[in-house]
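Each chain, written out:
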Amino acid sequence: MAKTLQAKNGQVYAYGTGRRKNAVAQVRVIDGEGKILVNDKELGEYFGLETLKLIVRQPLVETGMEGRVDVIAKVHGGGISGQAGALRHGLARALCELDESHRGVLKKSGFLTRDSRMKERKKYGLKKARKASQFSKR
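Bear in mind the structure is a predicted one, so any value in this text is a computation, not a measurement.

Visitor: Which parts of the structure should I look at to understand the side chain of His-89?
Guide: The topology assignment puts His-89 in helix H3 (residues 80-98). Within the local environment of His-89, its side chain forms a polar contact with the backbone oxygen of Leu-112, the two atoms lying 3.4 Å apart. Not counting the four nearest positions on each side in its chain, His-89 is found in contact with Thr-17, Gly-18, Arg-19, Phe-111, Leu-112, Thr-113 and Arg-114.

Visitor: I keep staring at the environment of Asp-31 and nothing clicks. Help me out?
Guide: As for its position among the elements, Asp-31 is in strand E3 (residues 23-31). Considering only alpha carbons, one finds Asp-31 and Lys-122, 91 residues apart in sequence, at a separation of 45 Å. Setting aside chain neighbours within four positions, we find Asp-31 in contact with Gln-11, Val-12, Arg-68, Val-69 and Asp-70.

Visitor: What should I look at first to understand the environment of Glu-66 in this one?
Guide: Mapped onto the elements of the fold, Glu-66 is located in the loop between helix H2 (50-63) and strand E6 (69-76). A residue is classified by how much of its surface remains accessible, and Glu-66, at 44% relative accessible area, is partly exposed. Sequence separation between Glu-66 and Gly-34 is 32 residues; the distance between their C-alpha atoms is 6.0 Å. Setting aside anything within four residues of it in sequence, one finds Glu-66 in contact with Arg-57, Leu-60 and Val-61.

Visitor: Is there a simple way to think about the pattern of salt bridges in this case?
Guide: When the charged atoms of two side chains lie near each other, side chains of opposite charge can form a pair. In this structure the tally under the stated criterion is seven salt bridges. For Asp-115, the salt bridge goes to Arg-20, with nearest N and O atoms at 3.0 Å. Here Asp-115 is found in the segment after helix H4 (103-109), whereas its partner Arg-20 is found in strand E2 (residues 12-20), with 95 residues between them in sequence. When the shortest N-O distance is used, the salt bridge between Glu-120 and Arg-130 registers 3.0 Å. On the criterion of sequence distance, the pair formed by Glu-120 in the segment after H4 and Arg-130 in the segment after H4 is long-range, its members being 10 residues apart. By relative accessible area, which is 35% here, Glu-120 ends up partly exposed. Using a relative accessible area of 67% as the deciding quantity, one classes Arg-130 as exposed.

Visitor: Teacher, can you tell me more about the pairing of E6 here?
Guide: As a general feature of sheets, a regular strand has side chains that alternate between the two faces. Across eight bridges, the pairing between E3 and E6 is antiparallel. Along E6, the bridge assignment pairs Ala-25 with Val-75. Of the pairings in the sheet, the one linking strand E4 (residues 36-38) to E6 comprises three bridges and is parallel in character. By the bridge assignment, Val-38 is partnered in E6 with Ala-73.

Visitor: How do you make sense of the nonpolar core when you look at a structure like this?
Guide: In summary, soluble globular proteins display a tendency toward joint burial of nonpolar side chains. Val-27, Val-38, Phe-47, Leu-60 and Leu-87 are the most contacted members of the largest nonpolar core, which has 28 residues in total. Taken together, the elements giving at least two residues each to this core come down to E3, E4, helix H1 (43-46), H2, E6 and H3. By residue number, the principal contributor to this core is H3, which donates eight residues.

Cut-offs applied
- Residues numbered from 1 in each chain as written.
- Predicted model: local features only at pLDDT ≥ 70, side-chain atom pairs only at ≥ 80, totals over all residues.
- Heavy atoms only, no water.
- Helix = DSSP H or I, 4+ residues; strand = E, 2+ residues; numbered from the N terminus.
- Polar contact = N/O pair within 3.5 Å; in protein donor to acceptor, adjacent residues only side chain to side chain.
- Contact = heavy atoms within 4.5 Å.
- Buried < 20%, exposed > 50% of the residue type's maximum accessible area, 1.4 Å probe, protein only.
- Salt bridge = Lys/Arg side-chain N within 4 Å of Asp/Glu carboxyl O.
- Pairing = 2+ DSSP bridges.
- Core = buried A, V, L, I, M, F, W, Y, C linked by side-chain atoms within 4.5 Å.

Below you can see the structure in the form of structure tokens.
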């Protein structure tokens with residue numbers, strides 16, 4: 001779960017962990033001017049597609065915190081789309097921990113719910129999770 005902490009310099013920050021598919025994001029939110037760093041890169045540098053950048057910024061826009069907090073995130077596992085979803089989930093959790101009044105808005109938008117859809121495992125005797133070889137009567 002997310003935790004609100006205070007750094008030595010007096011800055012208040014909050015943690016949140018987000019997950020989607022096989023991606024995991026560890027997100028830290030600090031008071032600042034709106035920078036978003038993902039794996040030590042700018043948001044635009046890490047996520048090339050505009051839709052992915054939009055997905056990541058959604059919790060900030062919904063709560064009106066865009067331009068008021070800095071976001072530092074470490075993301076690993078999964079693909080680029082899953083990482084964006086995990087980052088959104090972690091950011092929403094961290095914002096909730098920073099200010100409890102954001103919870104209603106974020107919950108209504110569905111950002112606090114973990115998207116549990118994952119790839120189904122391959123079963124023995126099959127080519128993929130559900131695909132079997134073609135049946136031959138003779």
